[in-house]
Structures are given as structure tokens and as C-alpha cells.
Amino acid sequence: MTYVHHMTTHNITPARGRLGVLLPGMGAVASTFMAGVMAARRGIHPPIGSVSQMANIRLGRREEDRNPLIRDFVSLASLDDLVFGGWDPISPNAMEAAKTAGVLQGGDLEEVAKELEGVVAMEAVFDEEWVSRLSGVRVKAIPNKWDQAVALIDDINRFREENECDRLVMVWCGSTEAYQEPSAVHASVAAFEQGLKDNDGNIAPSQIYAYAALQCDVPFANGAPNLTTDLDCVVELSKQRKVPIAGKDFKTGQTLMKTILAPGLKARMLGLRGWYSTNILGNRDGEVLDAPENFKTKEMSKLGVLGGILQPEVYPDLYGNIDHVVRINYYPPRGDNKEGWDAIDIFGWLGYEMQIKVDFLCRDSILAAPIVLDLALFMDLAHRAGESGVQEWLSFYFKAPQAAGARDAEQDVFIQQTKLKNTLREWMGEEPVTHSEVG
Ligand SMILES: NC(=O)c1ccc[n+]([C@@H]2O[C@H](COP(=O)([O-])OP(=O)(O)OC[C@H]3O[C@@H](n4cnc5c(N)ncnc54)[C@H](O)[C@@H]3O)[C@@H](O)[C@H]2O)c1
């Protein structure tokens, strides 16, 4: 049997001029991201953790010895061409946000203080009903949601002009909103627009940002577990406007570990009886997630990963009876330095039980910041490649990756990585790497 691979080489417009990165939510993640890019372009620290900047990509057969950096292989905006902007209901600018977050210490902040101060937050579209633990002070005094969307569109256009941007992308780094199921107002663009005009209570602020971004032809990636990009109306609008979207929820600490470990257990056909995950976290994100309605949103996003990887329907003997529990506890002394414990109960040959304990003393925003960078650059690439709708190839970066078709997206971080790299190969007219005997 011959295998015919249908190449879908893309005609990619080169990245010329400035790329504006717009961040709704200038908190710990957003400020750490900006500070890191500023430090990298001054040569102070390399952008560690960023696949777009640090990773190589193998091309062709092994003996061909072609292994360029991804950023030399595909046309990405360079760090020097990035300009930052954003909105926040509390932080006045990125420097204040960084100080409040307390992720970066002393010298690391001083080096880039002036530049961070220059990133002034625009007034937010914010509603305490969706984030009960925060009191917004820098909020647009506009009651109607349609008018709020129009104001965001004005902000975007003004930013584009003032900063002489060639292109823009938006990455949601705002708080996790209260849990929500989609409702009738989210069923179509027309229903959503009517809902904006009617000030429909089911429309959350993050959705208004996504709407405004897409209307301005700005790709939108969703770093929080909010429904935003999953909504039918947002998917429809992204296709209509031919703009890429991606979501949801940055895959960082504990979930990253889970999607690294679980595929290994499955590869060896070891059984899993339970996975108990708990976190202590003391930053503003932890405070917001301390509210049950906001935690529910996060919980739904975190719980999905094991089923997707382990396929209990295919392997009922191994994975048909798993207790998966996820907890987040707000504990101020730790600030952004989250501690994530996992107690993993596995079983092997003749059913004998074993245990694995993971104690990950991680830094949430240090893990999330390079994801913001990669998403901004790859979403811009996708746009220039003529892609629109859900960018499933970026599922590598998400806890609850959104599927482009009817099948669920892959959760296994290794399959996600292959998908990302093979997509880049394909767009550039290279064969996928299969790791078969001859490859
Ligand atoms: N840090 C991680 O590892 C990680 C991983 C996955 C997801 N996330 C998500 O990323 C988001 C940001 O995390 P963080 O640690 O920076 O939190 P943070 O609380 O430090 O920052 C969020 C910011 O969003 C602002 N905000 C809230 N509602 C807004 C609105 N309507 N418009 C504009 N700004 C708004 C808040 O004022 C705050 O400054 C959270 O939703 C978090 O759940 C973070």
C-alpha cells in the first residue's frame, strides 16, 4: 500500500513591521511575559521555556542533518518588533502590575522598569458579577454591552495607529470568570450582537473583548478557562472574519506535569486507580479562584485531561475506575510560588498497587509567560498563513484544548508537540516526521 501525503503548503506573508500584543488583564502573567521579552531583547536573559524562540525542528530524514531553529524555519515576528498594550481594572501600568504580583525580584524589575511603566493599561470592560473577589477602579463607565464593545474596538484601532502596528494579536491574561454554560445568546453572531444591545446578563466581559478583537481582524487566544473561544458565536465570527482563535487555559504547573506523566504510564500499560491533586497558591489568581463559582470554571478545565489521555473507553481494565480530584487552596504566604502536590495511585502486574508522589514547587507566571509569547507569535503566523477558526495545532499550550472538528483535541503533551511541529513542516512544504524505521 502506498501512502500519499496531501501537502497543504501555505503561502505565508512574511512578518514585516511591528506586531502589537494586546493583553486584556495586566496581572502576574502579563507583566512577567512583558518583562521577560524586554529582558530577552536586551540580551539579559534568554527566553527560556519558549518553543518559538529556543526549539529546533528536525526536517527530512535524520541523515540529512537539517535541524534549524523554529524561528529561522518559519517567518515569525522578532522580539524587537513587539509592542505591548492592554486593559486592567486595577493595575495602572505593567510595572505596578509586576510589583503587585511580586514574581520578579529587585534587579530583574529595575532593568526594565521604565519600559514596563510605559505600558499603560487602558480602562477595562469589567463586571464584578463575574469576578466577585476584585473591585475594579479603572473601568469604562459605559453601562451597555454593545457600547462597551464599540469602545474596545476604538481602543484597538487607536492602539494600532499610535504604535504604528502592522498587525495585532490578543491574548487573554485576565482573571478566571464565574462558571458558565453557553446559552441562547451564544448560539450565533446575530444572537450575540442582539444580546450585546439588550445588555444580556449571560454575556461576560471576556466575550466582549473576543468579539471586539475579531471584528478588528485580531487573532484571539484565551489563557483562562473561561468559555470565550468555545462559544458557537465566537467560532462563527472567527471563520466569518477569517481570523484565528485558540483556547483555553494555559497549560503550566500541575496540569503540565499530569500530561507529561500520564502518557508515560499509558505507554507502559500501567493501570491508574486515582489521582489526587492539590495546590496552594497565594497570588491574585488564587484569591479569585477562592470563590467557588470561579473555581468551578478552573476545575472543569483541569479535570478533563486524564480521560482524554488514558481513554478509559478503550482500556476499561486499566483506566475504567479512576478517582480524579483537583483542589486549589488560597494561601497568601506563597504568593505566585505555587506548590502542587499529586498523589498518584497506580497498579501493575497481577494488580499490585504502587504510589507516585509529585511535589512541584513551581512558579506559575514563570511557566505561563513563554506560553503567552509563543501564542502571540504563532497566532500571528497562522493569520498570515490564511488560517481561521480554531487553531488545534496549538493545543500544546492549553489545559483544555479546543477542537477544530468533531473529535476532542489531544491532551497528551507529546502528541501535541508532534502536531505543532508537523503543522509547521506541512505549512512550509516539508514532509511530516514519523519516526518510522527509515525516517
Ligand atoms: N499563571 C498560570 O500559570 C496560569 C495558568 C493557566 C491559566 N492562567 C490564567 O491566566 C489568567 C491570569 O493569571 P494571573 O496569575 O496573571 O492572574 P492575576 O490575577 O495576577 O491577573 C489577572 C488580571 O486580570 C485583570 N482582570 C480581571 N477582569 C478583567 C477584565 N474584564 N478586563 C481586563 N482585565 C481584567 C485583573 O485585574 C488582574 O490584574 C487567570 O485567568 C489564570 O487563571 C494562569
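The structure presented is a predicted model; accordingly, all values stated were derived computationally and were not measured.

J.: Talk me through the site of the ligand; I want residue IDs and the actual numbers.
T.: Taken together, the neighbourhood of the ligand is formed by 36 residues, with Gly-25, Gly-27, Ala-224, Thr-252 and Arg-284 sitting nearest. Where the shell around the ligand is concerned, the elements lending two or more residues are α1 (28–41), α12 (284–289) and α15 (364–384). Sort the elements by how many residues they give to the shell around the ligand and α15 lands first, with four residues. Counted by class, the shell around the ligand contains 20 nonpolar, 11 polar and five charged residues. Mapping the shell around the ligand onto the domain boundaries places at least three of its residues in each of domain 1 (18–250 + 366–427) and domain 2 (253–361).

J.: Tell me about unusual backbone geometry, and name the residues and values.
T.: Of note, the amide linkage connecting Gly-247 to Lys-248 takes the cis form, showing an omega dihedral of -10°. Relative to the helices and strands, Lys-248 resides in the loop between β5 (244–246) and α11 (253–267). For Asp-217, which is not a glycine, the phi torsion comes out positive at approximately 60°. As for its placement among the helices and strands, Asp-217 is situated in the loop between α9 (205–215) and β4 (220–222). A positive phi angle, near 55°, is found at Met-269, a position not held by glycine. When you line up the elements, Met-269 lands in the loop between α11 and β6 (271–281).

J.: Before we move on, could you go through the packing of helix α8 (residues 189–197) against helix α10 (residues 232–240) and cite the residues and values that matter?
T.: Where α8 contacts α10, the axes come no closer than 8 Å and their chain directions differ by 110°. The angle between the axes of α8 and α10 places the two elements in the roughly perpendicular class. Handedness of the crossing formed by α8 with α10: left-handed. Facing α8, whose interface residues are Val-189, Ala-191 and Phe-192, α10 presents Cys-233, Glu-236, Leu-237 and Gln-240. Residue composition of the contact of α8 with α10, grouped by class: five nonpolar, one polar and one charged.

J.: Give me the packing of α1 against α15: which residues, what numbers.
T.: Two measures define how a pair of helices packs: the angle their axes make with one another and the distance between the axes. Viewed as axis vectors pointing N to C, α1 and α15 meet at an angle of 70°, and their least axial separation amounts to 8 Å. With respect to α15, the axis of α1 lies roughly perpendicular. In the crossing of α1 with α15, the sense of the turn from one axis to the other is right-handed. Contact residues: α1 offers Ala-28, Val-29, Thr-32, Phe-33, Gly-36 and Val-37, while α15 offers Ser-365, Ile-366, Ala-368, Ala-369, Val-372 and Leu-373.

J.: A description of helix α16 (residues 413–427) should follow, citing residues and the corresponding values.
T.: The first and last C-alpha atoms of α16 sit 21 Å apart over 15 residues, in line with the 21 Å expected at 1.5 Å per residue. Those residues of α16 that sit buried are Val-413, Gln-416, Lys-419, Leu-420, Lys-421, Thr-423, Leu-424, Arg-425 and Trp-427. Check the buried side of α16 and you find it contacts α3 (70–73) and α11. Where α16 ends, the next residue or the one after it, Gly-429, has phi of about 75°, a positive value.

Reading the values: the criteria
Residues numbered from 1 in each chain as written. Predicted model: local features only at pLDDT ≥ 70, side-chain atom pairs only at ≥ 80, totals over all residues. Near = placed C-beta within 6 Å. Helix = DSSP H or I, 4+ residues; strand = E, 2+ residues; numbered from the N terminus. Nonpolar A, V, L, I, M, F, W, Y, C, P; charged D, E, K, R; others polar. Domains from an automatic or database assignment. Axes fitted to C-alpha atoms, helices over the stretch in contact; angles between N-to-C directions. Parallel < 35°, antiparallel > 145°, perpendicular 65-115°, else oblique. Left-handed = near helix turned anticlockwise from the far one by under 90°. Contact = placed C-beta atoms within 7 Å. Expected span 1.5 Å × (residues − 1). Buried ≥ 20, exposed ≤ 12 C-beta atoms within 10 Å, placed from the backbone.

As far as function goes, none of this settles anything; it's purely spatial.
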